[in-house]
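Listed below, chain by chain, are the residues.
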Amino acid sequence: MSTYAIGDIQGCFSAFERLLAAIEFDPKKDRLWLAGDLINRGPDSLATLRYCYQQRNSITAVLGNHDLHLLAVAHEACEYKNKDTFADILAAPDRHELLHWLRHNPLYHRDKSLGYVMVHAGIHPRWSRKKAKKLAREVEAVIQGEQFPEFLANMYGNQPAQWSDELAGSTRWRYITNCFTRMRLCDSDSGIDLSYKGGLAEAPKNRFPWYNTPHRKRIKDTILFGHWAALNGVTGKPDIVALDTGCVWGNKLSALCLESRIWTQINA
Ligand SMILES: [Mn+2]
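Here's what I pulled together on the structure shown here. (Residues numbered from 1 in each chain as written. Predicted model: local features only at pLDDT ≥ 70, side-chain atom pairs only at ≥ 80, totals over all residues.)

Thoughts on the sheet that holds strand β8 (residues 207-209)
Turning to step 1, where the next piece is worked out: Strand order across the open sheet formed by three strands is β7-β6-β8, with antiparallel pairing between neighbours. One side of each edge strand has no neighbouring strand; the edge strands of this open sheet are β7 (192-193) and β8.
Turning to step 2, where the next piece is worked out: Alignment of strand β6 (residues 185-187) against β7, held across two bridges, turns out to be antiparallel. Opposite C186, over in β7, you have I192 as the bridge partner. (Pairing = 2+ DSSP bridges. Helix = DSSP H or I, 4+ residues; strand = E, 2+ residues; numbered from the N terminus.)

Here is the structure:
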């Protein structure tokens, strides 16, 4: 039995299938951890989401920003954008089951015995592991509950930058969701800067990747995350693992075996 963590698939189903063949994934005994953004930008969002739903008993997936965007469009809280490529899901006869499964995925996942935590984008530098879990569960309950339309209507936006325990309501939900699903850079005071998507070499001055922010709370587990393709899998830290190697942009799709720490990569 092996556990494999895979980054942003974004509808690249043929690459995903080739990667599963390369690792000889057996859903009867192996497990897949998927770091979110299962769909969008790539060509086969419906096939990807259907496979994940069919294999749901062997899969743990966290929510990414594209997954939440799909849910927002499906719930008519946002318009379908020019770059979106998930019209096939919206038109599918099984859309209800697929979106129901997606909506019930967590923002944060931890396996204590394996010693890994997985999120889509990151964990706010000032949050302990315990606090991150508590805040994730708080917003997951909103996403899965009756306040979901209110959540979606207020989900988009880059503000506020600073975390405060006093944040409340939809502003608090947006902040927590932005950290788990969109964050890349922070300022030296742990404020989040959601405007930048590029690599580290060209990053604005006085900005740090969230995992290199001064005074970051130490988290003992290895953190797995996706979302930031421009890192190309490089963080410089053995306990911070970037899984998104830019498959949808023509680079690679990667799987990390959590037990052996062996990587398998295939070309897009
Ligand atoms: Mn993302």
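Thoughts on the pairing of strand β4 (residues 108-111)
Turning to step 1, where the next piece is worked out: Two strands pair when backbone bridges link them, and β4 and strand β5 (residues 116-119) are joined in this way by four bridges, in the antiparallel orientation. Of the residues in β5, the one forming a bridge with R110 is V117.
Turning to step 2, where the next piece is worked out: The hairpin formed by β4 and β5 contains four residues between the paired strands, and G115 there has a positive phi angle of roughly 80°.

Quick notes on the sheet that holds strand β3 (residues 59-61)
Turning to step 1, where the next piece is worked out: Taken together, five strands build an open sheet; the order of strands is β3-β2-β1-β11-β12 and the sheet is mixed. Since the sheet does not close on itself, it has two edges, and those belong to β3 and β12 (263-267), each with one partner. For this sheet the average axis-to-axis angle between neighbouring strands, irrespective of direction, equals 20°.
Turning to step 2, where the next piece is worked out: Contacts from helix α1 (residues 13-22) reach β1 (3-6), β11 (252-257) and β12, with the element oriented near 140° to β12. (Axes fitted to C-alpha atoms, helices over the stretch in contact; angles between N-to-C directions. Contact = placed C-beta atoms within 7 Å.)

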